[in-house]
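Each chain, written out:
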Amino acid sequence: MSDGTPAPEYLEPAAGSPLPGEGRSRKRPLLLGGAAVAGVALVGAAAWGAWWWLADGGQAAEALPASAVGYVGLTLDPSGSQKVEALSTLRSLPAIAEELDLDGPLEDIDLKQTLGTAFLGTAPCDDLTYEEHLEPWLGDRLGVAAVPVDDQPKVVLAVETTDEDAAVEGMDALLACDDGDLGADDAEGGAYQVRDGWVVLAPDETALDAVLADLDEGTLADDEDFQRWTGEAGEPGVLTMYAAPAAADYLQDALDGFFGDLGEPVLEGSISDPVALTATTTTATTTTTAATVAATSEQPSPEEQLEEAIEAFEGAAATVRFVDGSMELEMAGGLGDSELLAAADAEDTGDASSLVTELPAGTVLAGATGLSPEGLEQLESGLGADADDMVEGLLGPLELDPVALLGDAVGLAVGPGLDVEGLVAGTTTELPVALLTTGELAAAQDVAEGLGFGLATFLGVEPVVAGEDGRVVLGLDEAWAEEVAAADGSLGEDERFQRAVPDADDVDGLLFLDADALVDLVRGSMPEGEDDEVLDNLEPLQALGLSASTEDGTSRLVLRVTTDD
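Residues numbered from 1 in each chain as written. Predicted model: local features only at pLDDT ≥ 70, side-chain atom pairs only at ≥ 80, totals over all residues. Heavy atoms only, no water.

Participant: Any chance you could break down the overall build of the protein chain for me, citing the residues and the numbers?
Facilitator: Broken down by element type, the protein chain carries 24 helices and 17 strands. Counting over 565 residues, the protein chain shows a buried share of 46%. Taking all contacts inside the protein chain whose residues are at least 6 apart in sequence as the whole, residues at least 24 apart take part in 69%. About 26,700 Å² of surface is accessible on the protein chain, with carbon and sulfur atoms providing 52% of the total. (Helix = DSSP H or I, 4+ residues; strand = E, 2+ residues; numbered from the N terminus. Buried < 20%, exposed > 50% of the residue type's maximum accessible area, 1.4 Å probe, protein only. Contact = heavy atoms within 4.5 Å. Areas by Shrake-Rupley, 256 points an atom, 1.4 Å probe, with all protein chains shown as cover.)

Take a look at the structure:
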């Protein structure tokens, strides 16, 4: 390169000095090529479960181009309270603690050495050591990005180095590790360049040249969309992920193929083919249904609404942080002026919070979402004109009025005492499960009447309706339905709930799972000794909470997993 920039180093079989920029690249076996360029498959299966938390927001974005459509930023040795919180939480999980050897005082754990050694342990040769081949040059920061090259996203890795000469020597040793074990035709190719304190790796020299050219035009860290959405994702944590607006193009291609595969009914003339099903009824019914379909054909389908939202996608970011013995994932993104966003961002969305917070304190699983008039309209149009016919084909005559039934909020509540073993075996009639809405009692009674025969046939239970207009419960257990309808429970005051969903009063939708109760239910239904290891690893978990909200065009989702103190 004539401007004095160091020439890229292509991964040729011979170790040593950099090759000229115009040198030929060939595919060769890689320890750091395919694996590193593919992301962070650096530490083995179990350790991967903990790897994501070692992150450092946007710093690694300094070494990746603004043209990237996706990014994950990591650090090998976080500092401060996040490191202590993360280690303390992860050490409570036996499988991760054992894999990463998290014994001893937290301040004495060298994460970079632990993970580097685990990485080298996956190598096919046994003469590599952390002290000789990684420690002399490996920095603290690492970033993985998807960068379009000739309209195809290529995965690129940027690794911070503290010594550029040592980085060349270390990488040569790493790349030579597989030499002779795999044929060149079967191996992954790759190319890298050391510049400005970073090792930049790409799948091949063409991709590397394109990435370096883009990097000269601007870094991801300076990109306005990147700065906007990583800022919206809340306080910095230990992991940052980012999707650029342009990522929607690749998602749209994937969905086109998905919906194309689902375009035909699974079984002609079956319940999955509502037109054929309708045609088997009377001529009058068929004529009426056809007229209704024509009348509603101008309504966008769910697929069309999703496509519109993808086209309007403005970008998104997510941050993982550790707080008070909890792992928290916060995501933020924008869907522009799409109908989906309009429905979610409506000011008159129903109150989902009270449906959940007023449930009994022993509730195992609870969730609710508010509904806006726009959302209900989308629901009705999404059901389509043939919804009644499909339901009738499965369950018999059923009066279904979604607006009257649901009101402006709908939720689900699962109580204690669920017989998991009996449910799986089909031998239990104890099903403390209830649907609760802010709709009309009469609409729920109509649904219950229609469902009665089918539920009695398949589950041996009859639906129960309780409550009154504004808080209607449709359940499978009379005692649980009455308890849910009473709305005098204290779930919202329970410490587990408050830790898992700390902002429950200010969200559009929420979900709560009592992990302790769930583990107890599952353990009690299993033969002694079976899958104890799995359950032992779940034992330290206390609860899971999920909340979602949309305001001023920004949609936000927070997932929190809490552990026992």
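Once the structure has been displayed, the description carries forward.
Participant: I'd love a proper account of the packing of aromatic side chains, names of residues and values included.
Facilitator: By the definition in use, this model includes three aromatic pairs. Geometrically, the ring pair formed by tyrosine 71 and phenylalanine 226 is edge-to-face, given 5.6 Å between the ring centres and 80° between the ring planes. In this pair, tyrosine 71 is assigned in strand 2 (residues 70-75) and phenylalanine 226 in helix 9 (residues 224-232), connecting sequence segments 155 residues apart. The pair formed by tyrosine 71 and phenylalanine 226 is uniform in burial state, with each residue classed as buried. Consider the rings of phenylalanine 226 and tyrosine 242, whose centres lie 5.1 Å apart with planes at 80°: the pair is edge-to-face. Linking phenylalanine 226 in helix 9 with tyrosine 242 in strand 7 (residues 239-243), this pair joins segments that are 16 residues apart in sequence. (Phe/Tyr/Trp six-rings, centres within 6.5 Å; stacked < 30°, edge-to-face > 60°.)

Participant: Please set out helix 7 (residues 164-176) residue by residue, giving values where relevant.
Facilitator: Under the 1.5 Å per step criterion, the end-to-end length of helix 7 is 18 Å for 13 residues, consistent within 8% with the ideal 18 Å. Those residues of helix 7 that sit buried are Ala166, Ala167, Val168, Gly170, Met171, Asp172, Leu174 and Leu175. Measuring from the backbone nitrogen of aspartate 165 back to the side-chain oxygen at the start of helix 7 gives 3.1 Å, which picks out aspartate 163 as the cap. (Expected span 1.5 Å × (residues − 1). Polar contact = N/O pair within 3.5 Å; in protein donor to acceptor, adjacent residues only side chain to side chain.)

Participant: Break down the confidence of the model for the protein chain for me, citing the residues and quoting the values.
Facilitator: For the protein chain, mean pLDDT is 74; residues scoring 70 or higher make up 64% of the total. Low pLDDT, under 50, characterises residues 179-187; the stretch is placed with nine contacts to residues that sit more than four places away or in other chains. Every residue in residues 261-297 is under pLDDT 50, and counting partners more than four places away or in other chains gives 30 contacts. (pLDDT = per-residue confidence, 0-100.)

Participant: Give me the side chain of threonine 319: which residues, what numbers.
Facilitator: Relative to the assigned elements, threonine 319 resides in strand 8 (residues 315-323). In this view, threonine 319 contacts Ala233, Glu235, Pro236, Gly237, Leu239, Thr240, Glu328, Leu329 and Glu330; residues no more than four positions away in its chain are not counted.

Participant: So, helix 8 (residues 205-217): which residues are in play, and what are the values?
Facilitator: Look at helix 8: 19 Å from first C-alpha to last across 13 residues, which is about the 18 Å you get at 1.5 Å a residue. Among the residues making up helix 8, those that are buried are Glu205, Ala207, Leu208, Val211, Leu212 and Leu215. Along helix 8, the residues classed as buried sweep out an arc of 150° about the axis, all on the same side. Turned more than 90 degrees away from the buried face of helix 8 sit Thr206 and Glu217, all of them exposed. The N-terminus of helix 8 is capped by aspartate 204, whose side-chain oxygen sits 3.2 Å from the backbone nitrogen of threonine 206. (Arc of directions from axis to C-beta.)

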